[in-house]
Amino acid sequence: MQVSNPNNIKIYNLSAGKSLPEWLSDRKRRSLLKKDVDIQRRIELLQDFEMPTVSNCIKMTPDNRYLFVTGVYKPRVRCYDVSQMSMKFERCMDSEVVKFDVLSDDYSKLVFLQSDRYVEFHAQYGRYYRTRIPKYGRDMAYHSASCDMYFVGVSPEVYRLNLEQGRFLNPLKTSANEILCCQINPHHNLFTCGTAEGKVEAWDPRCRTRAGILDVATGISAHNDGDLDGLPAVTALTYRDGLNMAVGTSTGHVALYDIRSPHPVLVKDHMYGLPIKKVAFHQAERELVISIDKKILKIWDRNNGKAFTSVEPGTYLNDLCVVQGSGLFFLATEAPKMLTYYIPTLGPAPKWCAFLDSMTEELEESATPMVYDDYKFATRHELEELGLTHLIGSNLLRAYMHGYFMDMRLFRKAKAIADPFAYDEYRMQKIKQKMDEQRANRVQIKKLPKVNKMLAEKLMDQEEEPLKKKKGIPNLLKDERFSALFANPDFEVDTESPDYRLLNPVVSKLDKQRMKKKRHQEVAMEIEEDEEREGHPSDVESDSSDDDREWEKEVQQQHRQIRQEEKMKKREEYLARKLKPKFMELKSGEDFSSLHAKKKRESRKSLGDRVQKEVESGVATLTGAGGGSREMTFSLRKSEKDKQRRVEAREHHQERKELRRSAGDITKKIQHKPKYWMGKRVQ
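The following refers to the structure shown. Just so it is clear, the structure is predicted and the values come from calculations on it, not from any experiment.

## Overview of the overall build of the chain
Next up, step 1: Helix and strand content of the chain: 15 helices and 34 strands.
Next up, step 2: Residue burial in the chain is summarised as follows: out of 683 residues, 34% are buried.
Next up, step 3: Across the chain, every contact between residues at least 6 apart in sequence was considered, and the portion connecting residues at least 24 apart equals 42%.
Next up, step 4: Taken as a whole, the chain presents about 46,600 Å² of accessible surface, with 51% of it coming from carbon and sulfur.

Here is the structure:
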């Protein structure tokens, strides 16, 4: 059992929990029931309450004793006896069931509308008769007074099949191209059908004439100011009584109508834009409406449309069955398991499962702990401070969003190891806080607090000002929410930080404006003549412009001073790094004077000799002219990769030279002597 609490309404999902596959043997089932705790704690309200793949339609018999469900695959129907809480029988069919209806009070007479245009009639023992309608069907309704079955579908005609005579009657011809749903009012037997054009047509079965047409699309468009993606088709119909009707559309709207008026009483939007699958009225004191689309089930008040609660199971919904007079309802879904929900606020449990009331009462009395009560959420930065980053990826840390969940005991141990004196500091802080609370009862002289004295002084000055303040603005000094601002040293304003220094000109400007405003108001109170008041704004404007210039200069000065401090800091770091003492290594048998003389002799050599020596040694040294105060040494040697590349190139060149064939032999054998033109040969 899974409990949710949307909108402070307890909803119990009785289908939650593990289910055993059908192919398991009885022995394996019994062993799993003994070992697996989740299977032992599950609530199986109806045994085998599932389909192989998908469940399409679900409906209860009028006597509330049997529950029928159709699904695939293979196409089948299952009947459940709720008094026995088990399946009574199962029958397979040739094609998928689109809609079905119960013609009797129990399970003895059924009719199924299938997807291949066939209509099957079933009795207690099985299929009784099978016939076919001219067009594909979408919905059907049974008129018990005349024993007529009405079929609607992909056609403007409503086909009528009389079960007493056993033959088709003349169809009803509507003005629509396609009819999606139909319903018969049980109070006055008025037949209504919803069309794809967004209209509801009402027919009188007694005279087979149209009683009226209700344009639902116009009412929905007027409610949304014409902001719709397409034409709203009527996809669901239901009646509450003889006058009140609910209409569901393909745009996700549910409209409540009084059939005496063409305008909707209330329009409820599901806010998903998906077609409404089914609408049902819950017969309770609250007068609630239950509507479903493919994604969500919503329960709301039919008088004002206020949401009562909602159920979003996470799988697509196909059909709804509400057990009237109780808080139990079933859902057919696009999943093998059919869902069962119980809401005690809607009503008590049915008689055949009265134990649900006692179970829910026990669950409400016993307070269940939260899942993460014994766990601590820690970010990666906190783990680095505690030294627990090596546990990332293990079972001790569970990744969640931008951090990790860890056991509270592990967190406390790591905290005690990382900061062993944290408890002592916390204890001293608590003792100091208790002493301050005791001292607060004594007679004290008005003085500034120890923390944020400048801010407290400004706030005290504002209190003493004879200015008219706005009502409802609390004082920071007297407000308990900001008491820690002047007591806890963690909230101390750092006046030396660059951010505060850049913000300080703005604060000083606000203080000057406040004082100037105070001065002008005092002057205005003393001046009584209107002529003197007219000259005052110009002075204020000039003063404000001067203040702006002074404020800009102060801001620029603060920026300039901060940049100079940063430059000086960098220069000091550079000098400290460069002016470190340089140590020279003396070889055995050398002294400092001989080393200095050797260095002097090296400096007297010619540039060519020095360069040649540096090339041979592979190290070049450039010495400044200022007595060797500046010196730069760099290596002229090639890297190992360059040396290896040069050796390989030399070997490759030698190999090519050995393999190359010379053309000297050819040129020696063939000698071409130069020819000269001697003019025309004379015979």
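On we go from here.
## Concerning the sheet that holds strand β16 (residues 191–195)
Strand pairing in a sheet is mediated by backbone hydrogen bonds. Such pairs are either parallel or antiparallel.
Next up, step 1: Sheet architecture is open: 4 strands sit in the order β15-β16-β17-β18, paired in antiparallel fashion. Of all the strands in the sheet, just β15 (179–184) and β18 (209–215) have a single pairing partner and so form its edges. Averaged over all pairs of adjacent strands, the angle between strand axes in this sheet comes to 20°, irrespective of strand direction.
Next up, step 2: The sheet contact formed by strand β17 (residues 199–204) and β18 spans 6 bridges and is antiparallel. By the bridge assignment, A202 is partnered in β18 with G212.

## Section: the pairing of β15
Next up, step 1: Pairing geometry for β15 and β16, over 5 bridges, is antiparallel. The residue of β16 that forms the bridge with Q183 is T192.
Next up, step 2: What sits between the antiparallel neighbours β15 and β16 is a turn of 6 residues, in which N189 has the positive phi angle 60°.

## Some points on the nonpolar core
Soluble globular proteins tend to bury their nonpolar side chains together.
Next up, step 1: In this structure, L46, F49, L67, L328, F330 and W352 are the most contacted members of the largest nonpolar core, which totals 24 residues.
Next up, step 2: Counting residues per element, the ones that place at least two in this core are β3 (54–60), β4 (66–72) and β28 (328–333).
Next up, step 3: No other element matches the 3 residues that β28 contributes to this core.
Next up, step 4: Discounting chain neighbours no more than four positions away, the residues touching F49 are I58, L67, V69, Y80, F330, M338 and T340.
Next up, step 5: In terms of nonpolar packing, the next biggest core, distinct from the first, is built from 19 residues, I9, A280, I299 and V311 among them.

## Remarks on unusual backbone geometry
Next up, step 1: Of note, the bond from V72 into Y73 is cis; its omega dihedral lies within 30 degrees of zero at -10°.
Next up, step 2: With respect to the helices, strands and loops of the structure, Y73 is situated in the loop between β4 and β5 (76–81).
Next up, step 3: For N64, which is not a glycine, the phi torsion comes out positive at approximately 60°.
Next up, step 4: Topologically, N64 is positioned in the loop between β3 and β4.
Next up, step 5: Phi at R117 takes a positive value of approximately 75°, unusual for a residue other than glycine.
Next up, step 6: The topology assignment puts R117 in the loop between β8 (110–114) and β9 (118–122).

Conventions we followed
- Residue positions are given per chain, counted from 1 along the sequence in the order it is written.
- Local features in a predicted model are, by the rule used here, given only for residues with pLDDT of at least 70; side-chain atom pairs are given and counted only at 80 or more, and totals for whole chains, interfaces and linings are based on all residues.
- Side-chain calculation: all heavy atoms of the structure are included, whereas hydrogens and water are not.
- Each helix is a run of H or I in the DSSP string that is no shorter than four residues. Each strand is a run of E no shorter than two, and both are numbered from the N terminus.
- Only protein chains enter the calculation, and the probe is 1.4 Å; a residue is then buried if its accessible area is under 20% of its type maximum, exposed if over 50%, and partly exposed in between.
- Contacts: residue pairs with any heavy atoms within 4.5 Å of one another.
- Residue-level accessible areas treat just the shown protein chains as cover; the underlying method is Shrake-Rupley with a 1.4 Å probe.
- Strand pairing is assigned whenever DSSP identifies at least 2 bridges connecting the two strands.
- Axes here refer to lines fitted to C-alpha atoms; in helices the fit is confined to the stretch in contact. Angles between the N-to-C directions go from 0 to 180 degrees.
- Only buried Ala, Val, Leu, Ile, Met, Phe, Trp, Tyr and Cys residues count toward a nonpolar core, and they belong to the same one when joined by side-chain atoms within 4.5 Å.

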